[in-house]
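# Descriptive analysis of the structure
Each chain is listed here by its residues.
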Amino acid sequence: MEHLGNSHIEGIQNEYRRINAQWLRTQYRMLIWLALFTAAMETVMFFVLDRIDAITTSSTVYLLKYLVAPSGCNLAICAAAVLLMRSRQSDKWKMYAVSLLTVVMAFLVYSFHSVFYPLFLVFVIPMLLTTAYGERKLTTVTGVTCVISKAASDLFLRWDPQETYVLSSRDALVNFGLSLVLLALFYVVCLQLLTVEQEKNEASINLERERQRYQEEAVTDSLTRVGNRQALRAAFQRMEEMQDSQRYFLAMMDLDDFKQLNDTYGHSQGDRYLQAMGEVLRQVATDRIQPFRFGGDEFCVLFRDCGREEVYSVCRSIQERFRREEIHWLCKSVSVSIGAAEHLRGERPARLLDRADTALYQAKQEKGSVYIEKA
């Protein structure tokens, strides 16, 4: 039963990964649209400044510096993003690469137009976009890269000759320091948002684990840790729904001379044999082989999509595994008798149980044997 709960938790985590992959595609499209929007705004600015005679250089120089060069760089970034998304790299690698390409775009936009100083807020965009992934490391890499890129642009690049150098005056230096502090503060806020989001996700997974645990307890025999009668009823219901497309066998089994063992050695010792039997059944359990405790020392196994030979082989394996359990060395050796019957089309579960029980009676004529009802 436990593997079903674990698979459900894995399903939730896979859903998180699917959402991240979807957001990656969204971020990629935003990167492309951001490049197109930037090119459009630069074109509009050229015509506006030209109309009001605000261009201090020749129109050709302005076009080259503030339209052709930025648009060429944005085009290169878009081409790199397209190649990246079409590559066979993992989604996590693409997440980092697309996020850093967004930082590069912010760096270029700011560097080409840093005369508009509030434009440094463009570095906020890459940090904000990465928080959707819930990856602290990714947000940290992006945030640190943004701060370093902004500082490098101010200190080493002067694309516009009219721009005031950050070290040329006290006010420029104060503005430089203040902008870096604001970016760093925004990065801290992003980390806090990530912490809250991760705590919510963790709480959601923990609640789901608890729900799964309670659900498993309701359908699990407390002594042997295999399915109980309620779980068997649910399995029979699924069998009736799928009987037209899948083949089923039911094997009934019990411990030979168990009552005598209980009377001689006590119920606590008898419980140890039952626990050993439960351990063996859990070892052979798969999605197609489901074990249950029917009651007392009786157990049953429902086989789905298994042939007659496989059912016989698994039953023999159960007997051999149980024979090797340590309890037999400490007390008395006990054998297991097993009888099985194949489910017939349209047959009710109660009738299948009766036939499997009859097969078990046949098996107990020679204790420790396996009897499968003839088709």
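Only a predicted model underlies this, so the values are computations on that prediction, with no experimental measurement involved. (Residues numbered from 1 in each chain as written. Predicted model: local features only at pLDDT ≥ 70, side-chain atom pairs only at ≥ 80, totals over all residues. Heavy atoms only, no water.)

### Focus: the confidence of the model for the protein
Predicted coordinates in areas of low pLDDT are best not read in detail. Put simply, the rule reads: Each residue carries a pLDDT value, the predictor's own confidence for that position, ranging from 0 to 100. Per the convention used, a helix needs a DSSP run of H or I reaching at least four residues, while a strand needs a run of E reaching at least two, with both numbered from the N terminus.
On average, residues of the protein score 87 in pLDDT, and 93% of them are at 70 or above. For the protein, helix H1 (residues 2-51) is the element with the lowest average pLDDT, namely 78, and strand S4 (residues 336-342) is the one with the highest, namely 97.

### Notes on unusual backbone geometry
For residues that are not glycine, phi is negative in most cases, and the peptide bond is trans in most cases. Quick reminder of the rule: Here the term buried applies to any residue with accessible area under 20% of the maximum for its type, exposed to any over 50%, and partly exposed to those in between, with areas from a 1.4 Å probe on protein chains only.
Located in the positive-phi region is arginine 225, a residue other than glycine, with phi close to 65°. Mapped onto the elements of the fold, arginine 225 is located in the loop between helix H6 (170-218) and helix H7 (229-242). Even without glycine at this site, aspartate 305 takes up a positive phi of about 55°. The class for aspartate 305 is partly exposed, based on a relative accessible area of 39%.

### Here we look at the nonpolar core
Here is the rule we go by: Here, nonpolar core refers to any group of buried Ala, Val, Leu, Ile, Met, Phe, Trp, Tyr and Cys residues whose side-chain atoms link them within 4.5 Å.
One finds Met253, Leu255, Met277, Phe303, Ile318 and Phe322 to be the most contacted residues of the largest nonpolar core, which totals 31 residues. At the level of secondary structure, the elements contributing two or more residues to this core comprise strand S1 (248-255), helix H8 (258-265), helix H9 (267-284), strand S3 (298-304), helix H10 (308-323), S4 and strand S5 (370-372). A per-element tally of this core places H9 first, with seven residues. Formed by 20 residues, the second largest nonpolar core is a distinct cluster that contains Ala35, Val98, Met105 and Phe112.

### Quick word on H7
Each turn of an α-helix holds 3.6 residues, which means side chains three or four residues apart point in the same direction. Put simply, the rule reads: Expected span of a helix: the number of residues minus one, times 1.5 Å. Note on definitions: a residue-residue contact is assigned when non-hydrogen atoms from the two residues lie within 4.5 Å.
In a regular helix each residue adds 1.5 Å, so 14 residues correspond to 20 Å; H7 covers 20 Å between its end C-alpha atoms and thus fits that length. Those residues of H7 that are buried lie in contact with S1, strand S2 (289-295), S3 and helix H12 (349-363).

### Overview of the packing of aromatic side chains
Rules: Stacked, edge-to-face and tilted are the three classes for Phe, Tyr and Trp ring pairs, Trp counted by its six-membered ring, which pair at centre distances within 6.5 Å; planes under 30 degrees apart are stacked, over 60 edge-to-face, the rest tilted. As a reminder, the over-ring test applies to NZ of lysine and CZ of arginine, requiring each to be within 6 Å of the ring centre and within 35 degrees of the ring normal.
Evaluation of the coordinates by the stated rule reveals one aromatic pair. Here arginine 229 stacks its cationic end above the ring of phenylalanine 294, 4.1 Å away from the centre of that ring.

### Quick word on a nonpolar patch on the surface
Using the following cut-off: Patch rule: a residue counts if its relative accessible area is over 30% and it has no salt bridge; like charges are joined within 9 Å, and nonpolar side chains (Val, Leu, Ile, Met, Phe, Trp, Tyr) within 5 Å. Per-residue and other accessible areas follow the Shrake-Rupley method at a 1.4 Å probe size, with only the shown protein chains counted as cover for residues. Think of a salt bridge as a Lys or Arg side-chain nitrogen and an Asp or Glu carboxyl oxygen that are within 4 Å of each other.
A surface patch of nonpolar side chains, about 350 Å² in accessible area, is lined by Leu178, Val181, Leu182 and Leu185. The class of leucine 182 is partly exposed, set by a relative accessible area of 40%.

### With respect to the packing of H9 against H10
Rules: Here, axes are lines fitted to C-alpha atoms. For helices the fit covers the stretch in contact, and angles between N-to-C directions go from 0 to 180 degrees. Reported orientations rely on four angle classes, namely roughly parallel under 35 degrees, roughly antiparallel over 145, roughly perpendicular from 65 to 115, and oblique for the rest. When the near helix sits turned anticlockwise from the far one by under a right angle, the crossing is termed left-handed; a clockwise turn instead gives a right-handed crossing. Nonpolar residues are Ala, Val, Leu, Ile, Met, Phe, Trp, Tyr, Cys and Pro. Charged residues are Asp, Glu, Lys and Arg, and all others, Gly as well, are polar.
Between H9 and H10, the shortest axis-to-axis distance is 10 Å and the interhelical angle comes to 140°. Relative to H10, H9 is oriented oblique. Where H9 crosses over H10, the two elements pack in a sense that is right-handed. Only Val314, Ser317, Ile318, Arg321 and Phe322 of H10 make contact with H9, whose side of the interface consists of Tyr273, Ala276, Met277, Val280, Leu281, Gln283 and Val284. Grouping the constituent residues of the contact of H9 with H10 by class yields nine nonpolar, two polar and one charged.

### Some words on the side chain of threonine 142
Relative to the assigned elements, threonine 142 resides in helix H5 (residues 136-156). A residue is classified by how much of its surface remains accessible, and threonine 142, at 0% relative accessible area, is buried.

### Considerations on the environment of phenylalanine 292
Assignment of secondary structure puts phenylalanine 292 in strand S2. Taking the C-alpha atoms as reference points, phenylalanine 292 and valine 219, separated by 73 residues in sequence, lie 9.6 Å from one another. Leaving out residues up to four positions away in the same chain, phenylalanine 292 has contacts with Val226, Gly227, Asn228, Ala231, Leu232, Ala235, Phe299, Cys300 and Leu302.

### With respect to the environment of phenylalanine 37
Mapped onto the fold, phenylalanine 37 is located in helix H1. Relative accessible area serves as the criterion here: at 53%, phenylalanine 37 is assigned to the exposed category. Taking the C-alpha atoms as reference, phenylalanine 37 lies 77 Å from serine 268; in sequence the two are 231 residues apart.

### Things to note about H9
Under the 1.5 Å per step criterion, the end-to-end length of H9 is 26 Å for 18 residues, consistent within 8% with the ideal 26 Å. Within the sequence span of H9, burial applies to Gln269, Gly270, Tyr273, Leu274, Ala276, Met277, Gly278, Val280, Leu281 and Val284.

### A closer look at the packing of H7 against H12
For the pair H7 and H12, interaxial distance at closest approach is 10 Å and the crossing angle is 110°. When the interaxial angle is binned, H7 and H12 end up roughly perpendicular. Residues Phe236, Met239 and Glu240 of H7 pack against Pro349, Leu352 and Leu353 of H12.

### Topic: the pairing of S1
A regular strand places its side chains on the two faces of the sheet in alternate fashion. Rules: A pair of strands is labelled paired if DSSP reports no fewer than 2 bridges between them.
Across the eight residues that make up S1, a large majority, eight, are buried. Side-chain alternation along S1 places Tyr248, Leu250, Met252 and Asp254 on one buried face and Phe249, Ala251, Met253 and Leu255 on a second face that is also buried. Sheet analysis places S1 next to S3, joined by seven bridges and oriented antiparallel. Paired with alanine 251 across the two strands is valine 301, which belongs to S3.

### Focus: the state of the cysteines
Inclusion rule: Any two cysteine sulfur atoms lying within 2.5 Å of each other are counted as a disulfide.
Applying the stated criterion across every chain, the model contains zero disulfides. Looking at the unpaired cysteine 306, the closest cysteine sulfur is the one in cysteine 315, lying at 10 Å.

### Comments concerning the pattern of salt bridges
Tallied over the full model, the rule gives 15 salt bridges. We note a salt bridge from arginine 247 to glutamate 342, for which the minimum N-O separation is 2.6 Å. Here arginine 247 is found in the loop between H7 and S1, whereas its partner glutamate 342 is found in strand S4, with 95 residues between them in sequence. Owing to a relative accessible area of 36%, arginine 247 belongs among the partly exposed residues under this scheme. Relative accessible area serves as the criterion here: at 19%, glutamate 342 is assigned to the buried category. A salt bridge links glutamate 279 to arginine 282; the shortest N-O distance between them is 2.5 Å. One end of the pair is glutamate 279 and the other is arginine 282, both in helix H9 and three residues apart, which spans about a single turn. Sharing partners across several salt bridges, the network here consists of Asp254, Asp256 and Lys364.

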